[in-house]
Amino acid sequence: MAQLQEGSRISIPTGGAGTGTSSGASAHTRVSSSHLHRVHAPTAPRSPGSIMPICVVIDPGTPVPSHLQRVPIPHLILSSSGSDTFVKAKVVKKFPLVSTESDYILKTVIQEYEDQQSLPSGFTSINAILFGPLARDFSQTVAEGDLLVMTGFTVERSPTVKKDGLHPCNLQLADRDVHIYVYPASTLGPHPSAVSTPPPITEAAKPKYTYAALKDLKAGMVVNLYGVVTFFKQPFRTKGTDYCFTLKITDQSDAKLGCSIFCEKLEDLPQIYKIGDIIRLHRVKMQPFNGAVNAINTLGFSVLAFDGSVGSPVAPRTSSRSFHFGDEDRRTVERLRAWAAHRSALPPKSAAPLSSVRPKMFFDFTCQLLAKAQIDSCCTLLKVWDGTVCADPLLSVPVDPGALEGSLAVTRGRRNLVADVLVFDDHVEVARGLKPGSYLRIYNLHAVPQSAEMPPGDGVPPGARGGGASEEGGAGGAGAGAPLAFHLHCGTAYGRGIRVLPEDSPDLQDLKRRLESMENDVSDSSLIEWCTPPESLDAEPENCLTVRTCDHELECVTLACVKNSPPPRVFHVRARLQSYQPERLCQALKLHCPKCRALQDVPDEEAIASVFQEALSEAGGMERGPDRLVFVEGATFQEMCQMLEEQTSMVPVRSSDGRMTLLDLSAPFLFQGPKRNYGCRRCSQLKHVELNPQEKTDQIEGIAEVLGVQPLQYVFLLKLALEDDSGRLDALLWNGSVRTEESFFCVPASDAEASQELQDWIRKTLDKLCPPGGRLEEHPWLDLCLRSYTVEEDGHHTVCYQICDTVIKRADV
DNA sequence: GTTTAGGGTTCG
């Protein structure tokens, strides 16, 4: 055979679109019209211009690019680079392509090419793991026996070195930078180990598995099954040689089946995390028990588990090194998910965040372990959190700091975040092995209100009662106010137990996001220590013109710290008002729909007048409703305003088909003295007015109801430019509240709309906060509560800030 | 060699 010369050039077509290769060419059609051919995956033609990482070399004499240096496989170490080196090796084993919803993975074992004179000793075979489209293309293009030249790989630690005895490293190949030159076995000539190219691997050639419906199972059968998990217990050691995992499953045939899986190794048991997970069992045997059948694993047994929620990735969980999983399997999983989602007979959801836990509840708790302490030989304390705040006060079990493994620093200064879990008896052993920081699911955890009236010896460890309960709960009193402790009772009934969840579990993603933002909060507050303390933080609160009304216990931070913190978050700041917009108060007044949340300008008088003008008709008149409510038809706007002096409330109406409806939503639907009330055009559904003497038309809600109007609220919307020594930040001031004590100016916007006096007062207030013509240093300090949030528009995310829970000190203005 | 377990609240 021709020699594969190193050190001479190779020409690889890398040019533009097409490069003369038929995009319809099958991966298995090895055309020999030139030295090298790009290979197109039959199912997914590549876009023009993309560079195929796999090239099939037809002429075995084709040399390798000269800039690449060959590394013998036994010489590969963790720090080896695959960017300017290559390995030359034969495919000795190719495992089936594993496809998940979003990815492909393929494992292959390659062996240092043996035609070398002095083959180095050592590990000549190595695992290569391919990812993504590369794995798919490799699966379709490469056969066992082919010779490969591979470059662009990374060298990682092989996790299977103990199992397979191969090279302690493996090669990992993702699309980027990878090039694989394939010398098909058939072109390699009379090499002793050359094998003829096997037939193409097609779907039909893969092993076919059939799965039995649970209702059809009879004793003695050995079958493959799919099912939705309705119950399971944590694995436990049997009196025999194995661990046991018991579970119950169901399927579309509505039958239920108990299963007992025995394995020597814990990791080989089904990886079931919650009820609703989906399981695939191969080769289980039906055994009669108690008048029904149970499934037991038998020779050749294998298991895959999947998350059961519709829409989550179909990613098989297994310890198997090779398994078959194809499109049909994915469809089966998705069908089971969809079926289970609409089935009320499945046990109700038992998982709950801390925020929805109520006294006496049993629930499954997904959380992070912060710290733990051994209380005695049969009780361990776990301090855990999930980033949500419990509605009830939480018991804090006092522990000698020396006895506590882990840290609670991250929760510093916050209340009702940390759940103290007392783990009893058989669970103590598992708890001993847990590492702070790990993510857990605690099954069938019991929320126990810790009443001070309970007699001594009620099971609370010494020193655990009372002390340390959150302030608002105090130590006393049974019922809702009693601080909650959490017990993981002895035994395994109801699946009681603890399990460490893998970091990539879909159930952890929300939790991790929550905890991350919490941790950012804490690290940011430590920023204050190295931010130069701004003058504003030294200012005495009594010198501030505003006061916060929130109950957040937050330290004041600088505006720079605010801007550096990811939203959403709440801050306390002390800053000056540099300027505000709009400067004209009437432009700051808006109408807001509490239903659809739309904002609109208040119509001006001219616009309102023209609405009335257009509706003027011959038929003019007034109809008196109850409670001095007057319906007016055929009046001009000016006439309405004149009549207002005599009438309490007036509704402009029009007639259609002899029945009365509201005039128009562009005009006020209700005039109340000087106050004008508007309705939302989007959310109102106008109806014919049918007056019922029982109708409560003395209130705006009642009138709106009669008309079919969704009332709008008046709000002030101002953009405030805030400044402190660290920087500047624009924040929205949203003064929509109708409750005086909650609004920034201590004046509801609806009152201000109709009152020149109140508008003057607001103007005066703004002038105090931001004196016209004054220097910034002379502006007063403001204590503010700020909230950051994200607004998405056209795919762009903008961080915004809003002033909340802050009011003007009336006495100062 | 071919078992082991076979769910059902509680530190009360």
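Because the structure is a prediction, the values reported are computed rather than measured.

1. Overview of the overall build of chain A
Helix and strand content of chain A: 14 helices and 40 strands. For chain A, the proportion of its 813 residues judged to be buried stands at 48%. For chain A, long-range pairs separated by at least 24 residues make up 67% of all intrachain contacts whose partners lie at least 6 apart in sequence. As displayed, chain A offers around 39300 Å² of accessible surface, 51% of which is attributable to carbon and sulfur atoms.

2. Considerations on helix H1 (residues 132–141)
Taking burial as the measure, the 10 residues of H1 include nine buried ones, the bulk of the element. Among all positions in H1, only Gly132, Leu134, Ala135, Arg136, Asp137, Phe138, Ser139, Gln140 and Thr141 are buried.

3. What about the pattern of salt bridges?
For the coordinates displayed, the defined rule picks out 22 salt bridges. A salt bridge links Lys383 to Asp420, with the shortest nitrogen-to-oxygen separation between them at 2.8 Å. Highlighted residues: Lys383 in strand S19 (residues 379–385) and Asp420 in strand S21 (residues 419–424), separated in sequence by 37 residues. Here Lys383 falls in the buried class, since its relative accessible area comes to 4%. Here Arg574 makes a salt bridge to Asp783, at a shortest N to O gap of 2.7 Å. Within this pair, whereas Arg574 is found in strand S27 (residues 569–581), its partner Asp783 is found in strand S38 (residues 781–793), the two being separated by 209 residues in sequence. Taken as a pair, Arg574 and Asp783 share a single burial class, namely buried. One salt-bridge network, held together by shared partners, links Lys274, Arg441 and Asp507.

4. Some details on the side chain of His779
If you trace the backbone, His779 turns up in the loop between helix H14 (756–769) and S38. We classify His779 as buried; its relative accessible area is 5%. When residues no more than four places from it in sequence are discounted, the contact partners of His779 are Arg576, Leu577, Gln578, Leu769, Cys770, Pro771 and Gly774.

5. Section: the nonpolar core
With 59 residues, the main nonpolar core has Phe716, Leu722, Phe745 and Leu786 as its most contacted residues. Once you skip the residues sitting within four places of it in the chain, Leu722 turns out to touch Leu559, Ala575, Arg576, Leu577, Gly727, Arg728, Leu729, Ala731, Leu784, Leu786 and Ile803. In terms of nonpolar packing, the next biggest core, distinct from the first, is built from 39 residues, Leu217, Val229, Cys259 and Tyr439 among them.

6. Here we look at empty space enclosed by the protein
Counted by the stated rule, this structure contains three cavities of 30 Å³ or more. As a volume, the largest cavity reaches approximately 50 Å³. If you trace the largest cavity, you find it lined by Phe612, Ala615, Val632, Glu633, Gly634, Ala635, Pro652, Val653 and Leu663. Those elements that provide at least two residues to the lining of the largest cavity are helix H10 (605–615), strand S31 (629–633) and strand S32 (649–656). Across the lining of the largest cavity, the residue classes break down as seven nonpolar, one polar and one charged.

7. A look at the packing of aromatic side chains
Inspection of the entire model under this criterion finds 10 aromatic pairs. Measuring from ring centre to ring centre gives 6.2 Å for Phe612 and Phe671, while their planes differ by 65°; the resulting arrangement is edge-to-face. Within this pair, whereas Phe612 is found in helix H10, its partner Phe671 is found in strand S34 (residues 670–672), the two being separated by 59 residues in sequence. Judged by its relative accessible area of 0%, Phe671 falls in the buried class. With a centroid separation of 6.3 Å and an interplanar angle of 45°, the aromatic rings of Phe637 and Phe671 are classed as tilted. Pair noted here: Phe637 is in helix H11 (residues 637–643) and Phe671 is in strand S34, with a separation of 34 residues, a long-range link. Judged on exposure class, the residue Phe637 and its partner Phe671 are both buried. Following the ring pairs from residue to residue traces out a cluster consisting of Phe232, Phe245 and Tyr443.

8. Section: the pairing of strand S6 (residues 104–112)
Relative to S6, strand S4 (residues 85–94) runs antiparallel, the two sharing five bridges. The residue bridging Lys90 from the neighbouring strand is Gln111, located in S6. By the bridge criterion, two bridges tie strand S5 (residues 98–99) to S6 in an arrangement that is antiparallel. Counterpart to Ser99 in the pairing with S6 is Tyr104. As paired elements, S6 and strand S7 (residues 125–131) share seven bridges and run antiparallel to each other. Paired with Gln111 across the strands is Ser125, a residue of S7.

9. Points about H14
Over its 14 residues, H14 runs 20 Å from end to end, which matches the ideal 20 Å to within 8%, given 1.5 Å per residue. Among the residues making up H14, those that are buried are Gln759, Trp761, Ile762, Thr765, Leu766 and Leu769. One side of H14 holds all its buried residues, which, seen down the axis, span an arc of 155°. With respect to the buried face of H14, the exposed residues turned more than 90 degrees away are Gln756 and Glu757.

10. Concerning the environment of Pro603
Of note, Pro603 is situated in the loop between strand S29 (599–601) and H10. Owing to a relative accessible area of 22%, Pro603 belongs among the partly exposed residues under this scheme. Along the primary structure Pro603 and Ala667 are separated by 64 residues, whereas in three dimensions their C-alpha atoms are 7.6 Å apart. Setting aside residues no more than four positions away along its own chain, Pro603 makes contact with Leu591, Ile608, Ser666 and Tyr678.

11. Structural notes on the pairing of S31
Across the five residues of S31, five count as buried, placing the element largely inside the fold. The two faces of S31 match: Leu629, Phe631 and Glu633 on one face and Val630 and Val632 on the other face are all buried. Sheet topology places strand S30 (residues 621–624) next to S31; four bridges connect them, and they run antiparallel. In the sheet register, Met622 faces S31, and the bridge partner there is Val632. Taken together, the four bridges between S31 and S32 define a ladder with parallel strand orientation. Residue Val630 lies in a different strand from S32, and its bridge partner there is Met650. In this region the chain leaves S31, passes through H11 and returns to the parallel neighbour S32; the handedness of that crossover is right-handed.

12. Some words on unusual backbone geometry
The omega angle of the peptide bond from Gln581 to Pro582 is -5°, so this bond is cis rather than trans. The residue Pro582 is located in the loop between S27 and helix H9 (585–588) in this model. Here Asn290, not a glycine, exhibits a phi torsion of approximately 55°, which is positive. With respect to the helices and strands, the residue Asn290 is situated in the loop between strand S16 (278–289) and strand S17 (292–306). A positive phi angle, close to 55°, is found at Tyr494, a residue other than glycine. Mapping Tyr494 onto the fold places it in the loop between strand S23 (484–488) and strand S24 (497–500).

13. Observations regarding the environment of Val689
Along the chain, the position of Val689 falls in the loop between strand S35 (675–677) and helix H12 (700–707). Sequence separation between Val689 and Leu662 is 27 residues, and the spatial gap between their C-alpha atoms is 7.9 Å. Apart from residues no more than four positions distant in its own chain, Val689 is found in contact with Phe631, Met660, Thr661, Val706 and Leu707.

Calculation criteria
Residues numbered from 1 in each chain as written. Chains lettered and ligands numbered in written order. Predicted model: local features only at pLDDT ≥ 70, side-chain atom pairs only at ≥ 80, totals over all residues. Heavy atoms only, no water. Helix = DSSP H or I, 4+ residues; strand = E, 2+ residues; numbered from the N terminus. Buried < 20%, exposed > 50% of the residue type's maximum accessible area, 1.4 Å probe, protein only. Contact = heavy atoms within 4.5 Å. Areas by Shrake-Rupley, 256 points an atom, 1.4 Å probe, with all protein chains shown as cover. Salt bridge = Lys/Arg side-chain N within 4 Å of Asp/Glu carboxyl O. Core = buried A, V, L, I, M, F, W, Y, C linked by side-chain atoms within 4.5 Å. 1 Å grid on protein atoms, 1.4 Å probe; cavity = no way out; pocket = protein on both sides within 12 Å on 5 of 7 lines; lining within 4 Å. Points joined across faces, edges and corners; volume = space filled by probe spheres on them. Nonpolar A, V, L, I, M, F, W, Y, C, P; charged D, E, K, R; others polar. Phe/Tyr/Trp six-rings, centres within 6.5 Å; stacked < 30°, edge-to-face > 60°. Pairing = 2+ DSSP bridges. Expected span 1.5 Å × (residues − 1). Arc of directions from axis to C-beta. Right-handed = clockwise from strand over helix to strand, strands pointing away.

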